[in-house]
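A structural walkthrough
One-letter residues, chain by chain:
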Amino acid sequence: MKTLVIAEKPSVAQDIVRALTPVAGKFDKHDDHFENDKYVVTSAVGHLVEIAAPEEFDVKRGKWSFAHLPVLPPYFELKPIDKTKSRLSAVVKLVKRKDVSRLINACDAGREGELIFRLIEQYAGGLKNGSYQPLGKPVQRLWLQSMTPAAIRDGFEQLRSNEQMLGLADAARSRSEADWMVGINGTRAMTAFNSRDGGFFLTTVGRVQTPTLSIVVEREEKIRAHRSRDYWEIHASFLAEAGEYPGKWFDPNFKKPTGDDADAELRADRVWTQREALAIADAVRGKAASVKEESKPTTQACGLLYDLTSLQREANGRFGFSAKTTLQLAQSLYERHKALTYPRTDSRALPEDYLPTVKQTFEMLAGSGMKHLAPHAKTALDNSYIRPSKRIFDNSKVSDHFAIIPTLQAPSGLSEAEQKLYDLVVRRFLAVFFPSAEFMVTTRISSVLSHHFKTEGKVLVKPGWMAVYGKEAAEDVADAKDGDKGQNLVPVREGETVRTESVEPKGLKTKPPARYSEATLLGAMEGAGKLVDDDELREAMQEKGLGTPATRAAIIEGLLTEKYMFREGREIIPTAKAFQLMTLLRGLGVEELSKPELTGEWEYKLAQMEHGQLSRAAFMGEIAAMTERMVKKAKEYDRDTIPGNYATLSTPCPNCGGVVKENYRRYTCTGADGNSEGCGFSFGKSPAGRTFEPEEAEQLLRDKKIGPLEGFRSKAGWPFVAEIVIKYNEEEKNWKLEFDFGDDKKGEESGELVDFTGSESLGACPKCGSPVHEHGSNYVCEKSVPTLTQPTPTCDFKSGKIILQQPVAREQMSKLLETGKTDLLDKFVSMRTRRAFKAFLAWDKEAGKVNFEFEPRASKFPPRKTAAGAPAKAAPAKKASPAKKAPAAKKAAAAKTPKAPRKTTAASGKQPSAALAAVIGEGPVSRPEVVKKLWDYIKANGLQDATDKRRVNADAKLAAVFGKPQVTMFEIAGIVGQHLS
């Protein structure tokens with residue numbers, strides 16, 4: 001009988017096989033596992049199954065009403081994750097093998113690793129009568145924090161029992177199911193609440209995403225509430241015997257205010273009136289000053305090794321990479337290039353037995369061809385910098401995985417972005433072993449009368465680890481250019497009196513707090529526990545934060561996708577939809593969904609569960625009660641609006657001139673005094689699920705139209721793009737909001753003429769050569785719409801300004817008209833899969849319209865190499881039967897001559913009828929040729945119907961062929977067959 005070992009990742013399975021081979025014998029490699037006489041070793045690829053409500057309890061799209069909520073299924077069904085179905089099948093097949101008598105869970109040492117294994121084991125048992133059946137095979141746990149062969153072998157000697165792991169397994173399942181229940185019910189309850197007025201207003205919430213959004217919204221509220229104040233700094237220049245040096249006035253008696261009402265903008269070096277600043281400057285200008293100086297050496301250690309979050313933050317700050325991009329690059333360096341260790345880690349330390357591996361890595365780097373890194377690795381080896389240090393090697397600080405470091409494999413063929421990230425990791429890996437940088441810091445106080453000026457100097461004495469980063473990290477100290485700090489200060493003799501040479505009061509304004517960048521938001525998510533007041537909950541969150549390193553990038557991307565936030569440069573800014581959600585949660589009294597305390601409370605209770613101090617049933621009962629309470633509050637809320645901080649528009653009501661104000665659901669007229677019922681004019685804040693920004697509402701009211709805008713959703717949840725207009729409704733004697741889909745045929749139907757005077761052409765129409773202009777939400781040929789010179793359209797060229805959510809700029813359309821295609825555009829979103837994709841827009845001559853053209857994909861498989869390293873020769877052609885010898889020249893010519901297309905002959909073609917021949921000409925033809933010639937004739941004579949291009953109007957010749965005055969394009973092929981013999 002054999003033992004099946006299930007690892008979380010293929011690379012770990014290989015490490016286990018390498019470690020066991022010396023003690024358990026050689027393994028044979030199979031497609032999806034390794035096997036010897038004692039062990040079968042396989043792996044998942046992360047999660048292979050996910051939880052879902054059983055079908056009878058699930059709530060399908062379009063039924064997101066309160067009638068179906070809350071969804072509290074009696075059990076959770078497991079379903080395979082689509083992209084890893086084949087791997088799941090392979091693992092389950094091994095689990096069920098009759099010769100496998102025992103299972104070892106070798107997934108990562110943590111809650112998520114435990115969940116991955118438990119769900120696979122449960123799924124393999126099978127579902128029967130609403131419960132999963134036990135497999136009946138004993139389970140043991142391999143708990144590894146280090147992946148050296150010795151550590152793996154030690155782990156197999158000290159396997160943990162299944163009973164020891166039950167607490168962790170319960171906590172893992174509970175966290176997963178609780179997230180599902182809160183996310184599904186919260187999202188559907190808030191969506192149902194916001195969709196009460198009709199439409200489909202998707203409002204997603206979640207235990208991690210909503211508190212993350214709350215952090216961004218609260219920062220934006222502070223920025224909006226900030227009122228800039230004037231203040232002054234007083235900068236002076238002092239003349240000593242050795243030269244001049246700068247100084248900045250400060251109050252040595254200043255104490256930073258504390259308490260909730262403390263003014264955070266007070267500083268020791270700020271003066272709050274111009275009169276006081278000028279008085280200080282006038283008092284000290286030209287006066288003698290005494291000098292006190294203190295110099296002391298300081299050291300600065302290199303930052304710790306990277307975990308995923310710190311790497312994402314650094315890459316965002318240095319290169320502008322998004323968290324998602326950094327994760328993708330790190331994953332590629334790990335999986336494809338084998339150049340970095342596993343990136344989805346929250347640890348910044350290495351196992352204590354990793355010193356030999358680190359030395360080997362330094363030797364690899366020193367001997368590599370990477371000239372910018374190799375010398376530093378050699379310096380570290382030559383000077384024996386690689387030594388045991390608790391700061392670097394500490395088992396207690398290693399969780400499921402250790403810090404991200406380079407592997408023993410030097411990479412090649414990296415992209416520019418991959419190279420940047422690899423260098424970032426390697427430089428930190430090298431630098432962390434180098435000595436601390438040493439500085440001499442000088443603080444000089446120049447006293448004039450009763451006023452004091454501070455000057456700070458900081459000189460790099462020994463670069464230490466900074467040498468790895470070159471001049472970049474050792475250059476000017478921060479704020480050196482502000483005059484109060486400098487590198488080298490001119491010396492002042494002890495007891496020397498200096499002269500106040502010049503004094504300049506500098507007027508400044510206080511600034512609001514900075515918006516979050518992706519780097520600072522990741523830091524806020526990681527340190528979210530600091531925002532929690534309760535000591536126990538804060539302690540529970542200390543190591544966790546909001547989300548995990550592996551999920552934080554996806555949380556941020558999800559908030560961007562759902563239009564809760566948007567990027568502007570490197571700043572992340574919340575949208576009106578985000579403020580609306582926070583207003584809703586506060587108004588309904590379910591603000592716990594927006595606070596990190598919820599995560600803190602869960603972490604605290606899950607930790608109790610892991611240690612057997614809280615039952616899984618009790619925790620899940622609390623989650624169910626919380627879910628029911630959340631749905632009940634949304635369902636029973638009966639007031640017209642929700643209290644909040646709402647805007648007042650400056651544009652008056654178009655109907656009565658009253659004041660238009662915002663409430664939770666609408667912008668509405670509140671009469672001339674701004675406090676009455678008004679004239680009845682109003683429009684919804686979130687038509688078709690897209691919330692107006694206040695600036696957009698202002699523009700709509702002022703211009704009576706806005707757009708085209710993207711982000712709308714149909715009742716079925718599909719995205720669409722449209723313009724919005726406000727039009728006067730004669731029946732209701734008031735103005736109403738309407739969608740305008742830019743249907744330019746309305747002009748044709750009404751006979752309204754389009755005037756292109758003053759409109760700049762983008763280029764020539766690819767169909768008829770006439771100028772192409774912007775018109776409504778499209779780019780159109782001027783002959784495709786009714787104009788003064790041509791009331792009846794004769795062309796049908798038209799292409800949208802927004803195609804599948806991708807805006808098509810004027811310059812891109814000009815390029816298409818000039819060259820045949822646009823640049824590669826990357827924001828198309830598939831209507832079927834809802835996934836983003838890249839494509840060119842290109843003119844398709846055969847189809848007679850603009851179509852997608854995709855980048856040619858490089859083969860996943862490089863050319864095979866021969867033993868000598870050259871590409872393998874093409875397979876020899878199949879031997880031809882012997883033929884008569886021909887001159888070599890003729891053979892070559894024959895090989896080069898392409899095969900001519902087969903001609904239609906009397907034998908191969910069919911004869912057209914007299915009526916058809918009058919249109920396409922005499923002679924035998926094939927059916928495809930007839931259809932092509934007919935369409936050439938139809939287009940040349942402008943016979944497509946102006947209101948429906950799928951219909952063809954017959955002229956005198958075609959009437960004899962069609963037998964009626966009009967046919968659809970789908971009838972033509974059938975009619976053609978009747979005229980061929």
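Worth saying up front: this structure is predicted, and the values here are computed from it rather than measured. (Residues numbered from 1 in each chain as written. Predicted model: local features only at pLDDT ≥ 70, side-chain atom pairs only at ≥ 80, totals over all residues. Heavy atoms only, no water.)

Overview of the overall build of the protein
Broken down by element type, the protein carries 27 helices and 37 strands. Of all 981 residues assigned to the protein, the portion counted as buried reaches 45%. Intrachain contacts of the protein at a sequence separation of at least 6 include 65% that bridge at least 24 residues. A total accessible area of about 51,500 Å² is found for the protein, and carbon and sulfur atoms account for 50% of it. (Helix = DSSP H or I, 4+ residues; strand = E, 2+ residues; numbered from the N terminus. Buried < 20%, exposed > 50% of the residue type's maximum accessible area, 1.4 Å probe, protein only. Contact = heavy atoms within 4.5 Å. Areas by Shrake-Rupley, 256 points an atom, 1.4 Å probe, with all protein chains shown as cover.)

A closer look at the sheet that holds strand β23 (residues 682–684)
Here we have three strands laid out as an open sheet, ordered β21-β22-β23, and antiparallel in their pairing. Edge positions in the sheet fall to β21 (660–662) and β23, since each has one partner strand and no second. Each neighbouring strand pair of the sheet contributes to a mean axis angle of 15°, computed without reference to strand direction. Relative to strand β22 (residues 666–669), β21 runs antiparallel, the two being bridged by three bridges. (Pairing = 2+ DSSP bridges. Axes fitted to C-alpha atoms, helices over the stretch in contact; angles between N-to-C directions.)

What to know about the packing of helix α10 (residues 355–367) against helix α11 (residues 374–382)
One way to put it is that α10 packs onto α11 with a least axis distance of 7 Å and a crossing angle of 135°. One way to sum up the angle between α10 and α11 is to call them oblique. Handedness of the α10/α11 crossing: left-handed. Mapping the contact onto sequence places Lys359, Phe362, Glu363, Leu365 and Ala366 in α10 and Ala374, Ala377, Lys378, Ala380 and Leu381 in α11. Here the contact of α10 with α11 is built from residues that sort into seven nonpolar, no polar and three charged. (Parallel < 35°, antiparallel > 145°, perpendicular 65-115°, else oblique. Left-handed = near helix turned anticlockwise from the far one by under 90°. Nonpolar A, V, L, I, M, F, W, Y, C, P; charged D, E, K, R; others polar.)

A few points about the environment of leucine 381
Residue position: leucine 381 is located in helix α11. It is 7.9 Å that separates the C-alpha atoms of leucine 381 and lysine 359, two residues lying 22 residues apart in sequence. What leucine 381 contacts, discounting residues up to four positions off in sequence, is Lys359, Phe362, Glu363, Ala366 and Ile386.

Considerations on the pattern of salt bridges
This model, assessed by the stated rule, comprises 49 salt bridges. Salt-bridge contacts for arginine 141 lead to glutamate 114; the nearest nitrogen and oxygen are separated by 2.6 Å. Linking arginine 141 in strand β10 (residues 139–141) with glutamate 114 in helix α3 (residues 111–125), this pair joins segments that are 27 residues apart in sequence. Both residues of the pair, arginine 141 and glutamate 114, belong to the buried class. Glutamate 774 is paired through a salt bridge with lysine 801; the nearest N and O atoms lie 2.9 Å apart. Highlighted residues: glutamate 774 in strand β28 (residues 771–775) and lysine 801 in the loop between β30 (798–800) and β31 (802–803), separated in sequence by 27 residues. Residue classification places glutamate 774 among the partly exposed residues on the basis of a relative accessible area of 30%. On the accessibility criterion, lysine 801 (16% relative accessible area) is buried. (Salt bridge = Lys/Arg side-chain N within 4 Å of Asp/Glu carboxyl O.)

Description of the packing of aromatic side chains
Applying the stated criterion across every chain yields a total of 28 aromatic pairs. On the numbers, 5.9 Å between centres and 85° between planes, the contact of phenylalanine 683 with phenylalanine 692 is edge-to-face. Judged by relative accessible area, phenylalanine 683 falls into the buried class, the value being 1%. Centroid distance tyrosine 728 to tryptophan 735: 5.7 Å. Interplanar angle 70°. Geometry classified as edge-to-face. Between arginine 444 and the ring centre of tyrosine 245, over which it is positioned, the NZ or CZ distance is 4.6 Å. The ring of tryptophan 735 carries the charged tip of lysine 704 above its face, separated from the ring centre by 5.5 Å. (Phe/Tyr/Trp six-rings, centres within 6.5 Å; stacked < 30°, edge-to-face > 60°. Lys NZ or Arg CZ within 6 Å of the ring centre and 35° of its normal.)

Comments concerning the sheet that holds strand β33 (residues 825–829)
Taken in spatial order, the three strands of this open sheet run β33-β34-β35, and their pairing is antiparallel. In this open sheet, the two strands that pair with only one neighbour each are β33 and β35 (849–853). Neighbouring strand axes in the sheet, compared pairwise and without regard to direction, differ in orientation by 60° on average.

A word on the packing of helix α5 (residues 162–194) against helix α19 (residues 616–636)
In contact at an axis separation of 10 Å, α5 and α19 are set at 5° when each is read in the N-to-C sense. Between α5 and α19, the interaxial angle falls into the category roughly parallel. Of the residues in α19, those touching α5 at Asp170, Arg173, Ser174, Glu177, Ala178, Met181, Val182, Asn185, Gly186, Ala189, Met190 and Phe193 are Arg616, Phe619, Met620, Ile623, Ala624, Met626, Thr627, Met630, Val631 and Ala634. The residue inventory of the contact of α5 with α19, partitioned by class, reads 14 nonpolar, four polar and four charged.

Focus: helix α14 (residues 518–526)
With respect to burial, α14 is a largely interior element, seven of its nine residues being buried. What α14 keeps buried is the set Glu518, Ala519, Leu521, Leu522, Gly523, Ala524 and Met525. Contact partners of the buried residues in α14: α6 (209–225), α8 (308–319), α9 (323–335), α16 (549–561), β19 (565–568) and β20 (571–574).

Points about the nonpolar core
Ranked by size, the top nonpolar core spans 86 residues in total, and within it Met190, Leu213, Leu521, Met565, Leu588 and Phe619 carry the most contacts. With 10 residues, the top contributor of residues to this core is α5. Discounting residues that sit within four places of it in the chain, leucine 521 has contacts with Thr212, Ile215, Val216, Tyr516, Ile556, Met565 and Ile572. Counting 50 residues, the second largest nonpolar core, distinct from the first, contains Leu414, Val432, Ala437 and Tyr469. (Core = buried A, V, L, I, M, F, W, Y, C linked by side-chain atoms within 4.5 Å.)

What to know about the pairing of strand β4 (residues 39–43)
Regular strands have side chains that alternate between both faces of the sheet. Of all five residues in β4, five are buried, a share of seventy percent or more. Here β4 shows a buried face lined by Tyr39, Val41 and Ser43 and a second buried face lined by Val40 and Thr42. In terms of strand pairing, strand β1 (residues 2–7) meets β4 through five bridges, oriented parallel. The residue of β4 that forms the bridge with valine 5 is valine 41. Where strand β3 (residues 34–35) meets β4, two bridges bridge the pair, whose relative direction is antiparallel.

Focus: helix α4 (residues 149–157)
At 3.6 residues per turn, the α-helix brings residues three or four places apart onto the same side. Burial in α4 covers these residues: Ala151, Ile152, Gly155 and Phe156. Taken down its axis, α4 places every buried residue within 140° of arc, on the same side. Tucked into the core, α4 has its buried residues touching β1, α1 (10–24), β4 and β7 (100–106). (Arc of directions from axis to C-beta.)

What to know about the side chain of threonine 148
Within the secondary structure, threonine 148 is located in the loop between β10 and α4. The buried category is assigned to threonine 148, whose relative accessible area is 10%.

Here we look at the environment of arginine 196
With respect to the element layout, arginine 196 can be found in the loop between α5 and α6. With 131 residues separating them along the chain, arginine 196 and serine 65 place their C-alpha atoms 8.7 Å apart. Only 3.4 Å separates the side chain of arginine 196 from the backbone oxygen of alanine 634, close enough to count as a polar contact. A polar contact is formed between the side chain of arginine 196 and the backbone oxygen of lysine 635, at a distance of 3.0 Å. (Polar contact = N/O pair within 3.5 Å; in protein donor to acceptor, adjacent residues only side chain to side chain.)

Comments concerning the confidence of the model for the protein
For the protein, per-residue confidence averages 84 on the pLDDT scale, and residues scoring 70 or more make up 88% of the total. The low-confidence segment residues 476–483 (pLDDT under 50) makes 10 contacts with residues lying over four places distant or belonging to another chain. With pLDDT under 50 throughout, residues 743–750 is counted as low confidence; its partners more than four residues away or in other chains account for 13 contacts. (pLDDT = per-residue confidence, 0-100.)

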